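Here are the chains, one letter per residue:
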Amino acid sequence: MKRTRISPQVIRRLPRYLDQLDRLIADGAVRVSSAELGRQMKLTVSQIRQDFSCFGKFGQQGYGYNTRVLRAEIASILGMDRRHTAVLVGAGNLGRALLQNFGFAQYGFRMLAAFDVLPGLCGSSIAGVPVYHASELPAFLAENRIDAAVLAVPQQQAVQTAAQLAGLGVRAIWNFTNQDLHLSDPNVLVESIRFSDSLLALSYYMKQQAASDDRKLEEPH
């Protein structure tokens with residue numbers, strides 16, 4: 001695999017390729033061409049070939065891509081074969097929903113534990129994941145190798161909790177707090193999910209669409 005720096009846009013497209021290949025494999029497709037993959041994903045053939053060329057040579061001239069081989073290659077590039085370990089910090093409504101509905105194991109993450117401060121949650125389990133009191137987090141991290149933490153605490157607790165996780169050796173945080181995290185340790189990776197950004201982007205496009213429809217109605221016939 002090449003060791004060149006890959007643009008974030010390419011990395012963001014890899015999961016889309018993975019999902020599409022999963023659908024093709026489920027439908028029994030053994031191979032797929034760049035043209036067909038591009039048609040299905042609304043991407044150009046050139047874009048697909050450029051994306052894949054960042055990681056080496058996939059496929060064969062005149063044959064296309066073996067769907068299972070390409071799927072395995074992309075999964076490896078994305079680290080899905082690394083068997084990451086993770087904990088959830090904040091097992092409220094959002095955290096509980098993630099444990100119950102998101103397939104962490106499907107993407108190569110093994111959720112070992114969840115942590116919260118509510119007495120009613122501590123000592124229980126959610127989707128087979130044991131829930132401990134937040135005060136037990138340092139001891140748990142000292143005894144278990146944890147690659148990543150899913151952060152779903154209230155927004156006002158986000159910065160302090162993230163700093164605590166970084167200080168305890170966690171090197172990757174999936175942040176659902178709607179709070180920007182600027183940690184002093186540059187080696188800690190933070191991936192922030194902001195539902196409001198996506199919803200407001202949708203709102204913007206809806207407004208533009210409505211304005212376009214209004215202009216069409218006002219045009220003389």
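About the cut-offs
Residues numbered from 1 in each chain as written. Predicted model: local features only at pLDDT ≥ 70, side-chain atom pairs only at ≥ 80, totals over all residues. Heavy atoms only, no water. Axes fitted to C-alpha atoms, helices over the stretch in contact; angles between N-to-C directions. Helix = DSSP H or I, 4+ residues; strand = E, 2+ residues; numbered from the N terminus. Parallel < 35°, antiparallel > 145°, perpendicular 65-115°, else oblique. Contact = heavy atoms within 4.5 Å. Nonpolar A, V, L, I, M, F, W, Y, C, P; charged D, E, K, R; others polar. Salt bridge = Lys/Arg side-chain N within 4 Å of Asp/Glu carboxyl O. Buried < 20%, exposed > 50% of the residue type's maximum accessible area, 1.4 Å probe, protein only. Core = buried A, V, L, I, M, F, W, Y, C linked by side-chain atoms within 4.5 Å. pLDDT = per-residue confidence, 0-100. Patch = residues over 30% accessible without salt bridge, like charges linked within 9 Å, V, L, I, M, F, W, Y side chains within 5 Å. Areas by Shrake-Rupley, 256 points an atom, 1.4 Å probe, with all protein chains shown as cover. Lys, Arg positive; Asp, Glu negative; His and termini not counted. Charge placed at Lys NZ, Arg CZ, Asp CG, Glu CD. Arc of directions from axis to C-beta.

**Some details on the packing of helix α2 (residues 34-41) against helix α3 (residues 45-53)**
So, point 1. In contact at an axis separation of 8 Å, α2 and α3 are set at 110° when each is read in the N-to-C sense. When the axis of α2 is compared with that of α3, the two are roughly perpendicular. Contacts from Ser 34, Ala 35, Leu 37 and Gly 38 in α2 reach Val 45, Ile 48, Arg 49 and Phe 52 in α3.
So, point 2. Classifying every residue of the contact of α2 with α3 by side-chain character gives 5 nonpolar, 2 polar and 1 charged.

**Let's talk about the pattern of salt bridges**
So, point 1. On inspection of all chains with the given rule, the structure shows 8 salt bridges.
So, point 2. Close ionic contact of Asp 51 with Arg 13 constitutes a salt bridge, the shortest N to O distance being 2.7 Å. One end of the pair, Asp 51, is in helix α3; the other, Arg 13, is in helix α1 (residues 8-26), and 38 residues separate them in sequence.
So, point 3. Given the relative accessible area of 1%, Asp 51 is considered buried.
So, point 4. The partner of Asp 185 in a salt bridge is Arg 171, with the nearest N and O atoms 3.3 Å apart. Of this pair, Asp 185 sits in the loop between β8 (172-175) and β9 (189-192) while Arg 171 sits in the loop between α7 (158-167) and β8, and the two are 14 residues apart along the sequence.
So, point 5. Beyond isolated ion pairs, a larger network of salt bridges with shared partners links Asp 180, Arg 194 and Asp 197.

**Observations regarding the nonpolar core**
In globular proteins that are soluble, nonpolar side chains generally tend to be buried together.
So, point 1. Counting 21 residues, the largest nonpolar core has Tyr 17, Leu 37, Phe 52 and Ile 74 as the members making the most contacts within it.
So, point 2. Breaking this core down by element, the ones donating at least two residues are α1, α2, α3 and α4 (67-77).
So, point 3. Excluding its chain neighbours within four sequence positions, the residues that come into contact with Ile 74 are Leu 14, Tyr 17, Leu 18, Leu 21 and Phe 52.
So, point 4. Ala 113, Ala 162, Ile 173 and Val 188 belong to the second largest nonpolar core, which has 20 residues in total.

**Focus on the confidence of the model for the chain**
So, point 1. The predicted model of the chain has a mean per-residue pLDDT of 91, with 96% of residues at 70 or higher.
So, point 2. Within the chain, strand β7 (residues 148-151) carries the highest mean pLDDT (98), whereas helix α8 (residues 195-218) carries the lowest (87).

**Some points on a negative patch on the surface**
So, point 1. Together, Asp 213, Asp 214, Glu 218 and Glu 219 make up a region of like negative charge exposed at the surface.
So, point 2. Examined against the element boundaries, Glu 218 turns out to sit in helix α8.
So, point 3. For Glu 218, a relative accessible area of 64% translates into the label exposed.

**Focus: the side chain of Thr 85**
So, point 1. With respect to the secondary-structure elements, Thr 85 resides in strand β3 (residues 84-89).
So, point 2. Leaving out residues up to four positions away in the same chain, Thr 85 has contacts with Arg 110, Leu 112, Arg 145, Ile 146, Asp 147 and Ala 148.

**Overview of α2**
So, point 1. If you check which residues of α2 are buried, you get Ser 34, Leu 37, Gly 38 and Met 41. When α2 is viewed along its axis, its buried side chains cluster within an angular range of 100° and face the same direction.
So, point 2. Buried residues along α2 sit in contact with α1, β1 (31-32), α3 and β2 (65-66).

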